[in-house]
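As a plain string of letters, each chain reads:
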Amino acid sequence: MTEIDARGAATGTEDRSRPRAVLPALCATQITSWGIVFYAFPVLNPQITADTGWSAGATTAAFSLALLISAFAGIRVGRIIDHRGPRTVMTAGSVVGVLGILVIAAAPNLPVFFAGWVLAGFAMAATFYQPAFAAITRWWAPDHVRALTIVTLAGGLASTLFAPLTAALAEHLSWRATYAVLAVVLAAVTIPAHALALRAPWPPAPSPSVAHAGASAEEAARSRPFRVLAVALTLSAFAVSAVVVALVPLLLERGYSTSEAAWALGLGGAGQTLGRTLYATLARRTAVTARTTTLIALGGLTTAALAITPGPYALLIALSIIVGMVRGNLTLLQATAITDRWGTTHYGRLSGLLAAPTTTASALAPFAGAALAIRLGGYPQLFGALAAVSVIASVAALRAAPRSTVPGR
């Protein structure tokens with residue numbers, strides 16, 4: 001029988017605490033955090049470089065540094081959440097994120113600009129998908145796929161809402177004022193949401209299931225399937241992240257306006273939301289290795305399509321939406337990669353370990369992509385190279401067979 005505790009959490013003899021406020025709160029904070037801390041940068045970067053004289057390589061390196069810091073800080077964040085829950089770390093991350101954006105907005109020189117992105121990197125580790133996934137997986141297991149899908153459906157709207165919003169603000173304000181306005185929005189939404197909605201008692205870690213019995217976090221992390229899976233997802237993450245950040249420059253190079261490029265990026269976010277509605281069905285009907293290989297290969301195919309399609313604009317919008325659909329499924333693929341293979345007992349720690357190389361690749365991708373575009377002769381050539389990386393990743397995914405068989409996986 002299900003009861004409601006004093007904190008509004010649904011509890012019962014078979015279900016652990018599932019606080020009602022968590023899902024809507026995390027939906028709101030994922031949209032806002034991703035939209036401001038991540039997606040505002042590719043829209044504002046051309047204006048930043050034009051106003052300051054800083055090179056695109058330098059500003060992109062600062063952004064990449066934030067992602068790199070997020071990769072390594074995320075390991076510690078995962079361990080904290082496993083033991084103590086998400087409230088403190090995600091609330092603190094929201095505060096640090098606001099400070100980071102304000103420092104970026106006020107930066108008089110590149111060292112201060114880099115310092116702001118260092119703060120933003122710690123905020124990413126504490127507020128983006130990984131901590132949210134750890135919280136949901138513990139509170140909602142074993143029905144966590146549905147809850148994960150809901151949060152990522154909302155998160156997929158981050159670029160849809162904030163890329164055009166950022167572009168609209170930048171048409172009337174300087175990039176500094178735009179970031180300042182966005183920092184206020186970030187503070188107003190994420191700090192109270194994390195502080196108030198994540199107060200429910202943190203349930204103890206579940207015992208390993210029969211299928212995953214005997215697999216400690218250390219054993220799983222050292223296993224060949226884990227290492228090969230990390231390689232496949234890392235290569236895929238590099239390609240996907242480079243595509244996201246390079247989409248605006250690609251369209252600018254082809255003669256489209258900043259506003260048109262921003263809408264293409266934003267509608268790709270709508271594609272993420274659409275794609276994620278299909279993931280639960282896909283997970284029920286496909287084996288984990290086939291699902292992993294197919295989605296990564298589709299990432300390469302859609303990236304190749306962008307490389308060879310100069311227009312018209314409507315076709316590029318359609319391709320951006322399809323790319324977003326694949327990207328949305330890849331997010332859920334990584335979110336469920338640990339539970340599909342090793343269960344939920346050590347989710348926070350193993351997820352952090354798996355996310356470290358993938359987030360590192362995502363961190364290097366914007367800087368490396370900009371450098372490669374110059375070396376290769378343009379952004380269409382870059383997209384062709386990124387498509388090849390995804391193909392290599394899909395081949396690697398074939399070797400990442402699950403350690404044990406889970407029904408329906």
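Residue indices follow the written sequence of each chain, beginning from 1 at its first position. Residue-level local features of this predicted model are given only where pLDDT is at least 70; pairs of side-chain atoms are given and counted only at 80 or more, and the full residue set underlies all totals for whole chains, interfaces and linings. Excluded from the side-chain calculations are hydrogens and water; all other atoms, namely the structure's heavy atoms, are used.

Caption draft 1: Looking closely at the overall build of the protein chain. For the protein chain, the count of helices and strands is 17 helices and three strands. Note on classification: 1.4 Å probe, protein chains only; a residue is buried when its accessible area is under 20% of the maximum for its type, exposed when over 50%, partly exposed between these limits. A buried classification covers 58% of the 409 residues belonging to the protein chain. Here the Shrake-Rupley method, with its probe set to 1.4 Å, supplies the accessible areas, and only the displayed protein chains count as covering residues. Carbon and sulfur atoms make up 68% of the accessible area of the protein chain, which amounts to about 15600 Å² in all. Put simply, DSSP H or I for four residues or longer makes a helix, DSSP E for two residues or longer makes a strand, and each gets a number counted from the N terminus.

Caption draft 2: Representation of the layout of surface pockets in the model. Each cavity reported here is a set of points on a 1 Å grid over the protein atoms alone in which a 1.4 Å probe fits but cannot get out, each pocket an open set with protein on both sides within 12 Å along at least five of seven lines, and each lining residue one with an atom within 4 Å of a point. Grid points are joined across faces, edges and corners, and a volume is the space filled by probe spheres set on the points. In this structure, the second largest pocket spans a volume of roughly 300 Å³. Counting residues per element, the lining of the second largest pocket draws most heavily on helix H11 (residues 224-253), which supplies seven residues. Only Asp, Glu, Lys and Arg are considered charged in this grouping, and only Ala, Val, Leu, Ile, Met, Phe, Trp, Tyr, Cys and Pro are considered nonpolar; every other residue, Gly among them, is considered polar. Of the residues belonging to the lining of the second largest pocket, the class tally is 14 nonpolar, four polar and one charged.

Caption draft 3: How the structure looks around helix H12 (residues 258-276). For a helix, the expected span equals 1.5 Å multiplied by the number of residues minus one. Its 19 residues give H12 an end-to-end C-alpha distance of 27 Å, which sits within 8% of 27 Å, the value for a rise of 1.5 Å per residue. Looking only at H12, the buried set comprises Ala-261, Ala-262, Ala-264, Leu-265, Gly-266, Gly-268, Gly-269, Gly-271, Gln-272, Thr-273, Gly-275 and Arg-276.

Caption draft 4: Highlighting the environment of Thr-88. As for its position among the elements, Thr-88 is in helix H4 (residues 87-106). Note: C-alpha distance between Thr-88 and Ala-195 (107 residues apart in sequence) is 7.4 Å.

Caption draft 5: Highlighting the nonpolar core. In plain words, nonpolar cores are sets of buried Ala, Val, Leu, Ile, Met, Phe, Trp, Tyr and Cys residues tied together by side-chain atoms within 4.5 Å. Of all hydrophobic cores here, the largest spans 119 residues; its most connected members are Phe-113, Trp-117 and Tyr-179. At 16 residues, H11 tops the list of elements feeding residues into this core. Two residues qualify as a contact provided that any one of their heavy atoms is within 4.5 Å of a heavy atom in the partner residue. Not counting the four nearest positions on each side in its chain, Trp-117 is found in contact with Val-37, Phe-41, Ala-62, Phe-63, Ala-66, Ile-104, Met-124 and Tyr-179.

Caption draft 6: Structural detail: empty space enclosed by the protein. The tally for this structure, following the rule as stated, stands at five cavities of 30 Å³ or more. In this structure, the largest cavity spans a volume of roughly 790 Å³. Forming the boundary of the largest cavity are 40 residues, of which Trp-34, Tyr-129, Gln-334, Thr-359 and Ser-362 lie nearest the centre. In the lining of the largest cavity, the residues fall into 22 nonpolar, 16 polar and two charged. Considering only enclosed or pocket space, the second largest cavity measures out at about 90 Å³ in volume. Lining the second largest cavity we find Ala-239, Val-240, Val-243, Gly-299, Thr-302, Thr-303, Val-323, Val-326, Arg-327, Leu-330 and Ser-390. For the lining of the second largest cavity, the secondary structure elements donating two or more residues are H11, helix H14 (288-308) and helix H15 (313-342). Of the residues belonging to the lining of the second largest cavity, the class tally is six nonpolar, four polar and one charged.

Caption draft 7: Fine view of the environment of Val-103. Relative to the elements of secondary structure, Val-103 occurs in helix H4. For Val-103, a relative accessible area of 26% corresponds to the partly exposed category. Each C-alpha atom, one on Val-103 and one on Arg-176, is 9.8 Å from the other, the two residues being 73 residues apart in sequence.

Caption draft 8: Seen up close, a nonpolar patch on the surface. In this analysis, a patch consists of residues with relative accessible area above 30% that form no salt bridge, clustered at 9 Å for like charges and at 5 Å for the nonpolar side chains Val, Leu, Ile, Met, Phe, Trp and Tyr. Whenever Lys or Arg places a side-chain nitrogen within 4 Å of a carboxyl oxygen from Asp or Glu, that contact is recorded as a salt bridge. The grouping of Val-95, Leu-99 and Leu-119 at the surface amounts to a nonpolar patch, some 210 Å² of accessible area in total. Examined against the element boundaries, Leu-119 turns out to sit in helix H5 (residues 110-127). According to the relative accessible area criterion, Leu-119 is partly exposed, its value standing at 30%.

Caption draft 9: Broad picture of the packing of aromatic side chains. Ring geometry is summarised as follows: Phe, Tyr and Trp rings, the Trp one being its six-membered ring, pair when their centres sit within 6.5 Å, and such pairs are stacked at plane angles under 30 degrees, edge-to-face over 60 and tilted between the two. Taken as a whole, this structure holds 16 aromatic pairs when the rule is applied. Ring plane angle 20 degrees and centroid distance 4.1 Å describe the contact between Trp-34 and Phe-128, whose orientation is recorded as stacked. On the criterion of sequence distance, the pair formed by Trp-34 in helix H1 (residues 22-38) and Phe-128 in the loop between H5 and helix H6 (129-140) is long-range, its members being 94 residues apart. One exposure class covers both Trp-34 and Phe-128, and it is buried. Relative to Tyr-179, the ring of Trp-175 has its centre 6.4 Å away and its plane inclined at 85 degrees; by these criteria the two rings are edge-to-face. Of this pair, Trp-175 and Tyr-179 are both found in helix H9 (residues 175-197), four residues apart, which corresponds to roughly one turn of the helix.

Caption draft 10: Spotlight on the environment of Val-37. Of note, Val-37 is situated in helix H1. A relative accessible area of 4% places Val-37 in the buried class. Beyond its immediate sequence surroundings of up to four residues, Val-37 is in contact with Phe-63, Ile-101, Trp-117, Ala-120, Met-124, Phe-128 and Leu-186.

Caption draft 11: Molecular detail of the confidence of the model for the protein chain. The quantity known as pLDDT measures the predictor's confidence residue by residue, on a range of 0 to 100. Averaged over all residues, the pLDDT of the protein chain is 85; the fraction at 70 or higher stands at 90%. Confidence drops under pLDDT 50 across residues 209-214; counting only partners more than four residues distant or on other chains, this segment forms 11 contacts. For residues 403-409, every residue scores under 50 in pLDDT, and the model assigns this stretch 22 contacts once sequence neighbours within four places are set aside.

Caption draft 12: Fine view of the packing of H1 against helix H7 (residues 144-155). Each axis is a line fitted through C-alpha atoms, taken for helices only over the stretch in contact, and angles between the N-to-C directions span 0 to 180 degrees. Interaxial distance between H1 and H7 falls to 8 Å at its minimum, and their mutual angle equals 35 degrees. In this structure, H1 meets H7 at a crossing whose hand is right-handed. Packed against H1, whose contacting residues are Leu-23, Leu-26, Cys-27, Gln-30 and Ile-31, the element H7 presents Ala-147, Ile-150, Val-151, Ala-154 and Gly-155 at the interface. Looking at side-chain class alone, the contact of H1 with H7 contains eight nonpolar, two polar and no charged residues. Two helices crossing with the near one rotated counterclockwise from the far one by less than a right angle form a left-handed crossing, whereas a clockwise rotation gives a right-handed crossing.

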